[in-house]
Amino acid sequence: MSEPQAQEEVAQPRTAAGVLIFDEAGRVLLVNPTYKHGWEIPGGYLHPGETPSEGAARELKEELGLTTPIGRLLVADWAPHPSEGDKLLFVFDGGLITDADRDQITADGVEIGEHAFHDEDQIDTILIPRLARRVHAAFAAKADGKTVYLEHGSISGS
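Thresholds applied
Residues numbered from 1 in each chain as written. Predicted model: local features only at pLDDT ≥ 70, side-chain atom pairs only at ≥ 80, totals over all residues. Heavy atoms only, no water. Buried < 20%, exposed > 50% of the residue type's maximum accessible area, 1.4 Å probe, protein only. Helix = DSSP H or I, 4+ residues; strand = E, 2+ residues; numbered from the N terminus. Pairing = 2+ DSSP bridges. Core = buried A, V, L, I, M, F, W, Y, C linked by side-chain atoms within 4.5 Å. Contact = heavy atoms within 4.5 Å. Expected span 1.5 Å × (residues − 1).

Novice: Can you lay out the pairing of strand β1 (residues 14-22) for me, pointing to particular residues and giving the numbers?
Specialist: In terms of burial, β1 is a largely internal element, seven of the nine residues being buried. Where β1 lies against strand β5 (residues 87-96), eight bridges are found, and the strand directions are parallel. Note that in β5 the partner of A17 across the bridge is F90. Pairing between β1 and strand β3 (residues 43-45): three bridges, direction antiparallel.

As C-alpha cells, this is what we get:
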C-alpha cells in the first residue's frame, strides 16, 4: 500500500477591494484612515463569503456613507506584502460623483478621518509607491476600457 501524498500547499491571499470615484474635474477620491499613516483609495478587506464587488460596496457605505454603484473591474493586483503575506487586490470603477452630490460623502470618523479629491499628477506624492502604481494603472484601464492584471502594482513582465 502506498503512502498518502502530502497535501499540496496553496496560496491563501488576504483579499481586498477598492474603488475609484471621480469628481466632475476628473480628480479621484482618496481617504485618510485613522488607524494608519497615509492616504488610500476607499475600500478594504473582504469578509468571508463576500465577493470583491460586494466588499467594495460595503466598505463605501460603512466608511463614507456612499451607496454608489460598483462599476467594472479596472485592476487585479497580486501584491504580497513582506509582513502580511500574499494579497490579491481589486480596484473597481466607482463612477462619477457630481459637485451637487459631494455632500453625500461623510467620513465615518472611526476608520476614515478625512477625504479629498486629488488630481492624478498628485498621486505619486500622496500614496505609497505600490498603491500609486496600482492607481495609475486603474486610471489607464478606465481610459482604455480595459481590465489590467498587475503584480506588485506593475504590469506582469514589466
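Novice: Explain the nonpolar core residue by residue, including any values.
Specialist: Among the nonpolar cores identified, the biggest contains 20 residues, and L20, V28, L30, V75, I123, L127 and V135 are the most heavily contacted of them. Contributions of two or more residues to this core are made by β1, β2 (28-33), β4 (73-78), α3 (129-144) and β7 (148-151). No other element matches α3, which puts seven residues into this core. Excluding residues within four positions of it along the chain, L30 makes contact with W39, E40, I41, E114, H115, A116, H118, I123, I126 and L127. By size, the runner-up hydrophobic cluster in this structure holds 17 residues, among which are V19, V31, F90 and F92.

Novice: Just give me the short version of unusual backbone geometry, but keep the residues and values in it.
Specialist: Phi at H152 is positive, roughly 60°, even though this residue is not glycine. Counting through the fold element by element, H152 comes out in the loop between β7 and β8 (154-155).

Novice: How would you sum up α3? Please name residues and give values.
Specialist: Compared with the 22 Å implied by 1.5 Å per residue over 16 residues, the 22 Å span of α3 between its first and last C-alpha is a close match. Among the residues of α3, those classed as buried are L131, A132, R134, V135, A137, A138, F139 and A141. Positive backbone phi, approximately 70°, marks G145, located one or two places after α3.

Novice: Give a description of the environment of E59 that names residues and reports values.
Specialist: Mapped onto the fold, E59 is located in helix α1 (residues 52-64). Measuring from C-alpha to C-alpha, the distance between E59 and G44 comes to 6.3 Å, with 15 residues separating the pair along the chain. Aside from chain neighbours lying at most four places away, what touches E59 is G43, G44, Y45, L64 and E111.

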